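Okay, here's what each chain looks like letter by letter:
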Amino acid sequence: MNKIWMLAILAWACCHAAAATSIALPNETAMYPATSHSGYLPALQKCLICHSADYAALQPPLSEARWRDITEKMRLAFKAPLTAEEAALIAGYLADAQRQGVLSSRPPPAGSH
């Protein structure tokens, strides 16, 4: 009889623990800045699938070669849905955006959208 009670309590505990949990994610604070660079659209289309623009915006200043290493790591190690050409375009776009100071994790000014 004790085993039945133990199983009943365990079943109740498991069901109670599986109840819906609410998770509040922080608001986005960065977006890839619109530029005429050919890597802008691939960055929007491919990078945002897995992570926010904050990931890139919070990086220290990096050369295009270093960005290329990172985009290749995303493509090869993490299986990001990128071709080698898209990875190179995105690397160039990120390097240019950083150089121009437009890749930032600060929210855009109010009314700028």
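These lines cover the structure that appears in this document, whether it is placed above or below. Every value quoted in this text rests on a predicted model; they were computed, and no experiment measured them. (Residues numbered from 1 in each chain as written. Predicted model: local features only at pLDDT ≥ 70, side-chain atom pairs only at ≥ 80, totals over all residues. Heavy atoms only, no water.)

### Here's the deal with the nonpolar core
And step 1. Membership of the largest hydrophobic core comes to 22 residues, with the highest contact counts inside it found for Y32, W67, L94 and L103.
And step 2. Secondary structure elements with two or more residues in this core: α2 (40-46), α3 (54-57), α4 (64-76) and α5 (84-100).
And step 3. In terms of residues, this core owes the most to one element, α5, which gives seven residues.
And step 4. Beyond its immediate stretch of four places on either side in the chain, W67 contacts A56, Q59, L62, A91, L94, A95 and Q98. (Core = buried A, V, L, I, M, F, W, Y, C linked by side-chain atoms within 4.5 Å. Buried < 20%, exposed > 50% of the residue type's maximum accessible area, 1.4 Å probe, protein only. Helix = DSSP H or I, 4+ residues; strand = E, 2+ residues; numbered from the N terminus. Contact = heavy atoms within 4.5 Å.)

### Examining α4
And step 1. The terminal C-alpha atoms of α4 lie 18 Å apart, and with 13 residues this matches the ideal 18 Å at 1.5 Å per residue to within 8%.
And step 2. Taken as a whole, α4 has its buried residues at W67, I70, T71 and M74. Along the axis of α4, the buried positions cluster into a sector of 95 degrees, meaning they face one direction only. (Expected span 1.5 Å × (residues − 1). Arc of directions from axis to C-beta.)

### Observations concerning α5
Since the α-helix turns once every 3.6 residues, residues separated by three or four places project in the same direction.
And step 1. In a regular helix each residue adds 1.5 Å, so 17 residues correspond to 24 Å; α5 covers 24 Å between its end C-alpha atoms and thus fits that length.
And step 2. For α5, the full list of buried residues reads E86, A87, I90, A91, G92, Y93, L94, A95, A97 and Q98.
And step 3. Where the residues of α5 are buried, they touch α2, α3 and α4.

### Observations concerning the packing of aromatic side chains
And step 1. Taken as a whole and assessed by the stated rule, the structure comprises two aromatic pairs.
And step 2. Ring centres of Y32 and Y93 lie 6.3 Å apart, and the angle between their planes is 65 degrees; on these two criteria the pair is classed as edge-to-face. Placement of Y32 in the loop between α1 (2-17) and α2 and of Y93 in helix α5 is noted, with a sequence separation of 61 residues between them. Neither Y32 nor Y93 differs from the other in exposure class; each is buried.
And step 3. Taking the centre distance of 5.9 Å and the plane angle of 55 degrees together, the rings of Y40 and Y93 count as tilted. With Y40 in helix α2 and Y93 in helix α5, the pair connects residues that are 53 residues apart, well separated along the chain. Each member of the pair Y40 and Y93 is classed as buried.
And step 4. Taken together, Y32, Y40 and Y93 form an aromatic cluster joined through their ring pairs. (Phe/Tyr/Trp six-rings, centres within 6.5 Å; stacked < 30°, edge-to-face > 60°.)

### So, unusual backbone geometry
And step 1. Backbone geometry places K79, a non-glycine residue, at a positive phi of 60 degrees.
And step 2. Overall, K79 belongs to the exposed group, its relative accessible area being 65%.

### Some points on the side chain of E86
And step 1. Structurally, E86 can be placed in helix α5.
And step 2. With a relative accessible area of 19%, E86 lands in the buried category.
And step 3. Dropping the residues within four chain positions of it, E86 is found in contact with K46 and P81.

### What about the environment of A57?
And step 1. As for its placement among the helices and strands, A57 is situated in helix α3.
And step 2. C-alpha separation for the pair A57 and Q98, spaced 41 residues apart in sequence, amounts to 8.1 Å.

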